[in-house]
Amino acid sequence: MTGPAADSLILVLSTFPGTETAERVARTLLQEGLVACANLLPGLRSLYHWEGVLRDDPECLVLLKTSAGTCPALQQRLQDLHPYDVPEIVTLEAAGVSPGYLDWVLQSLAKPSSSQAQP
């Protein structure tokens, strides 16, 4: 079985303990050229078992857009930057992507922005 083509779009999902941490990690990944786009979705509520206790925590979900060729480096860097002992790093191959959007993602990964603009 073969993996996705290096120029296919991969969506990576990861949760963070808060928006500030999620934004800091997302900006780092953008500046390093590992993602073309990061969507921060604050207000998430996660229910899960951790160390034998049922947890109910607020989190921020981040959707990261990258290519299959860049994904292994992104996964490693995300693991390094993440504050959780066992971070959620889920990768999904996009079944369909508009050609213009895919071109933009690939071009963005080839030429990462050095901008430090703050919202």
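Placed above this text is the structure.
Every value quoted in this text rests on a predicted model; they were computed, and no experiment measured them. (Residues numbered from 1 in each chain as written. Predicted model: local features only at pLDDT ≥ 70, side-chain atom pairs only at ≥ 80, totals over all residues. Heavy atoms only, no water.)

Student: Now, about the overall build of the protein: what can you tell me, with residues and values included?
Tutor: Helix and strand counts for the protein come out as three helices and four strands. Reading the protein from its N terminus to its C terminus gives the helix and strand order β-α-β-β-α-β-α. When the 119 residues of the protein are sorted by exposure, 34% land in the buried category. At a minimum sequence separation of 6, the contacts of the protein that also span at least 24 residues come to 74%. Surface exposure of the protein reaches about 7200 Å², of which carbon and sulfur atoms provide 55%. (Helix = DSSP H or I, 4+ residues; strand = E, 2+ residues; numbered from the N terminus. Buried < 20%, exposed > 50% of the residue type's maximum accessible area, 1.4 Å probe, protein only. Contact = heavy atoms within 4.5 Å. Areas by Shrake-Rupley, 256 points an atom, 1.4 Å probe, with all protein chains shown as cover.)

Student: Mind laying out the nonpolar core, listing which residues take part and the relevant values?
Tutor: Within the largest apolar cluster, 15 residues are counted, with the highest numbers of intra-cluster contacts made by V12, F16, L29, L64, L74 and L78. The set of elements that each furnish at least two residues to this core consists of strand 1 (9-16), helix 1 (19-31), strand 3 (53-67) and helix 2 (71-81). Ignoring any residue separated from it by four or fewer positions in sequence, one finds L64 in contact with I10, L11, V12, L29, V35, C37, A38 and L78. Judged by nonpolar contacts, the second largest core, of five residues, contains L9, A36, L102 and V105. (Core = buried A, V, L, I, M, F, W, Y, C linked by side-chain atoms within 4.5 Å.)

Student: Break down the packing of helix 1 against helix 2 for me, citing the residues and quoting the values.
Tutor: Packing of helix 1 against helix 2 brings their axes to within 11 Å, and their N-to-C directions diverge by 145 degrees. Pair helix 1 / helix 2 crosses with right-handed handedness. Residues V25, T28 and L29 of helix 1 pack against L74, R77, L78 and L81 of helix 2. Here the residues of the contact of helix 1 with helix 2 sort into five nonpolar, one polar and one charged. (Axes fitted to C-alpha atoms, helices over the stretch in contact; angles between N-to-C directions. Left-handed = near helix turned anticlockwise from the far one by under 90°. Nonpolar A, V, L, I, M, F, W, Y, C, P; charged D, E, K, R; others polar.)

Student: Break down the sheet that holds strand 3 for me, with residues and values.
Tutor: Paired through backbone hydrogen bonds, the strands of a sheet run either parallel or antiparallel to each other. Taking strand neighbours across the sheet as the criterion, the four strands line up as 2-3-1-4 in an open arrangement whose pairing is antiparallel. Both edges of this open sheet fall to strand 2 (37-50) and strand 4 (90-93), since each of them pairs with a single strand only. The average angle at which neighbouring strand axes cross in this sheet is 25 degrees, direction not considered. Pairing between strand 1 and strand 3: eight bridges, direction antiparallel. (Pairing = 2+ DSSP bridges.)

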